[in-house]
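Now for the letters of each chain:
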Amino acid sequence: MPPLAIEVRGIRRVYSAKPAPVVALDRVDLHVAPGEFFGLLGPNGAGKTTLIKILTTLLLPSAGTARVFGFDVERDTKKIRRIMNMVAGGEQSGYGILTVREQLWMFTQFYGLAGGDGWRRVDELIEAVGLTEQRIQRVSTLSTGQRQKMNLARGLLNDPWILFLDEPTLGLDVSAARSLRELIVDWKRAVPGRTILLTTHYMAEADELCDRIAIVDHGRILAIGSPDELKRRVQRESIFRLELDHLDGGVATLVRLPGVVSASEAAGAIDAATRQTVVMNLVLEDDGVLGQVVGALARTGSEILGLRKSEPTLEDVFVELVGRGFAESDAEAAGKAG
Amino acid sequence: MAVSATSAPVPAPARFDFAKAEGNGIRDFLRTFAVAVRLGWQLEANWTDPLLFFIYSVAKPVSSALILVVMLEVIGGPSGRAFRPFVVVGSALWSFVVSGIAGLAFSILEDRERFRMLKYVYVSPSDFLTVLVGRGVARVGVGLAGAAITVAVGVVVLGVPFDLGSVNWPLFVTVFLLGLWSIVAVGLLMAGVVIQTRQESWSYPEAFAGALFLVAGAVFPLAVLPALVQVIGLLTPLSWWIAGIREALFPGGPGSIGGAGSVFAGAFGHAQPGPLEIVLALMATGAIATLGAVAVFRVSDRRAKQAGLYDRTTGS
Ligand SMILES: Nc1ncnc2c1ncn2[C@@H]1O[C@H](COP(=O)(O)OP(=O)(O)O)[C@@H](O)[C@H]1O
Ligand SMILES: [Mg+2]
């Protein structure tokens, strides 16, 4: 049995802070298999960075054990450091006076590459992340997005088995964030077995990238699963938005059908006086019921103008688990910090 | 309620060759050291800004030497002139001490708070201590340029009698290298301290270096200090280093360690230490400083990992 990429057991982390100690992680258990793209999703202050710091050997846990590919974070630090790497977002990091090439090459030396191999690896990665034009530019002259690409290239220098990404797109504009996500996905896909642990507080990012997600709040993992599994948790029924040219007999016609949980006209879709179409929300026990609904509508002579499944979002999952939204959680965290 | 996940049973592909987790011993060490010296050189030397380099590494020591020489002239008159070599060497070595001791500590603060790179260096497999020592050696190298220029100015402008032929070269080389080692050790000790402090503490290392310099006999002989302070001075490798350099460059000139009524003279029964005594004392105090520095650094490292200080920035 090969070791798990990440095996966290009963990790607890308490920071000693001014008024009272802060429990950043509270008995967290987590297993990530090699090859997974795993996400930690949670509001600011949830404990995501703390977990990454423990796994990347920057910080010791207060209790519990954590292993990366079987190596213990407290005892096998050097070994872990050789097989993993880390990239954090939301900060301008870099030795401004060095060129992009120089800075990256320096890290190849820290990772034990021979000098010439180091330069070759640097040039390959510079090309891969699209910084060829900036390669002999000083780091201080790079834009935020370019710096983060360089930072990603640094994170790939040692061809890590596992890459820890701590909010890598934080503070980037939309297009820079997208291009960084593409680079990350491309890197991961290129070789099977490459593993990523990503933290984010952008739902869409987690949804788009991750095979599995752990939803974290106040130092605890509240739920783990694939994005679809998580969404199914909050919504066992299927919800459709249906638009018809007309419906004889009103929604009651549909509610009578077996498997239809409810059907209700959507409010405010089109002004009642000039109404030309009927829009309704249809809740079914499962997707399979849809066929009967369509058949029934055909028999009544209604024409289907539009049919769209409404997907629950990870936000819905979070609200269901925590009882409050993400935005409120962030505001709360900001209030505590200030 | 904490939820534990069942992992998707993806078998680890054959690409996981665990040899990757093993290091390369001495070769890794040399690579890390070399690149750290190179980085230190590029970051610290201000080569890109010759004016800054000139101000910090040349103008400061030269002007402080000049001030001291003028003071000597006013106070001591012509008889003070014998002390000029003493003053010039002391001032020249100052830039060394500052760049070595304070410089190493600054590397930590700069990497952490300005460049934000400390955590990335730290989570690489390179030995962090080696990286720091490399950075320190580069700083000392920069200091060397300033020191050499100051001595040259002393000889040319102030007419300090300097005779290449009479220099005790074996003593000079021995003391110089041991001193360099000791400075880096004391710098490491300082680095261990500033890992724990915040950026507002920029001034601590320089203040510490300054205090050391005063008790080390750089600008005046130890004999003028209270006995307790003299003892501290005698336990500092810097005192022996400065004394050794003076003795090597200007053999028989005024010394800083002993003299009438000094703690040294009282304890050892003769006025000034000889070259061998200086070398032995430098080795002993340097070894103590090294052991102390490594111990402090290790404790500090452990504490920093416990408290999460390697990526902290002022105000966080
Ligand atoms: N060095 C520290 N000292 C004290 N408290 C800290 C420290 N680092 C983080 N915290 C606190 O621990 C909690 C978790 O922080 P963090 O792991 O950074 O969360 P996230 O990355 O999810 O935003 C927060 O309440 C934060 O204020
Ligand atoms: Mg964070």
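Residues numbered from 1 in each chain as written. Chains lettered and ligands numbered in written order. Predicted model: local features only at pLDDT ≥ 70, side-chain atom pairs only at ≥ 80, totals over all residues. Heavy atoms only, no water.

Draft legend 1. Examining the sheet that holds strand 3 (residues 37-41) of chain A more closely. Residues and elements named next belong to chain A. Pairing is mixed across the open sheet formed by six strands, whose spatial order is 6-7-8-3-9-10. Pairing within the sheet leaves two strands with one partner each, and these edge strands are strand 6 (84-88) and strand 10 (220-225). Taken over all neighbouring pairs, the strand axes of this sheet differ in orientation by 15 degrees on average, direction set aside. Of the pairings in the sheet, the one linking strand 7 (residues 162-166) to strand 8 (residues 195-200) comprises five bridges and is parallel in character. When the sheet's bridge partners are listed, Leu 163 is paired in strand 8 with Ile 196. Sheet strands in contact with helix 11 (residues 314-322) are strand 3, strand 9 (212-217) and strand 10, and its direction is about 40 degrees off that of strand 9. (Pairing = 2+ DSSP bridges. Helix = DSSP H or I, 4+ residues; strand = E, 2+ residues; numbered from the N terminus. Axes fitted to C-alpha atoms, helices over the stretch in contact; angles between N-to-C directions. Contact = heavy atoms within 4.5 Å.)

Draft legend 2. Quick look at the interface of chain A and chain B. On the side of chain B, 51 residues touch chain A, which itself brings 66 residues to the contact. For the pair chain A and chain B, the summed buried area comes to about 5300 Å², and 62% of that belongs to carbon and sulfur atoms. Among the residues chain A hides against chain B, the three largest losses belong to Tyr95(A), Phe110(A) and Trp161(A). Together they make up 15% of the total. Counting across the interface, chain A meets chain B through four salt bridges. Between Lys79(A) and Glu22(B) there is a salt bridge; the shortest N-O distance is 3.6 Å. Linking chain A to chain B there are 16 residue pairs in polar contact (both at pLDDT 80 or more). Only strand 1 (6-15), strand 2 (22-32), helix 2 (77-83), strand 6, helix 3 (100-110), helix 4 (115-128), helix 5 (144-156) and strand 10 of chain A provide two or more residues apiece to the side of chain A that touches chain B. If you tally residues by element for the side of chain A that touches chain B, the top one is helix 3 of chain A, at seven residues. Residues belonging to the side of chain A that touches chain B are distributed by class as follows: 34 nonpolar, 15 polar and 17 charged. (Buried area = accessible area lost by both parts, 1.4 Å probe. Salt bridge = Lys/Arg side-chain N within 4 Å of Asp/Glu carboxyl O. Polar contact = N/O pair within 3.5 Å; in protein donor to acceptor, adjacent residues only side chain to side chain. Nonpolar A, V, L, I, M, F, W, Y, C, P; charged D, E, K, R; others polar.)

Draft legend 3. Inspection of the site of ligand 1 at higher detail. All names here are of chain A. Surveying the vicinity of ligand 1 reveals the residues Tyr 15, Val 22, Ala 24, Pro 43, Asn 44, Gly 45, Ala 46, Gly 47, Lys 48, Thr 49 and Thr 50. In this structure, an oxygen atom belonging to ligand 1 sits 2.5 Å away from a side-chain N or O atom of Thr 50. About the coverage of ligand 1: the protein hides 69% of its 560 Å² of free accessible area. Counting residues per element, the ones that place at least two in the shell around ligand 1 are strand 2 and helix 1 (48-55). Residues that form the shell around ligand 1 fall into these classes: five nonpolar, five polar and one charged. (Near = heavy atom within 4 Å. Areas by Shrake-Rupley, 256 points an atom, 1.4 Å probe, with all protein chains shown as cover.)

Draft legend 4. Local environment of the sheet that holds strand 2 of chain A. Residues and elements named next belong to chain A. On the basis of which strands lie adjacent, the open sheet formed by four strands has the order 2-1-4-5 and antiparallel pairing. The strands lining the two open edges of the sheet, one partner per strand, are strand 2 and strand 5 (71-72). Bridge count between strand 1 and strand 4 (residues 63-68): five bridges; the pairing is antiparallel. Bridge pairing in strand 4 places Val 8 opposite Ala 66.

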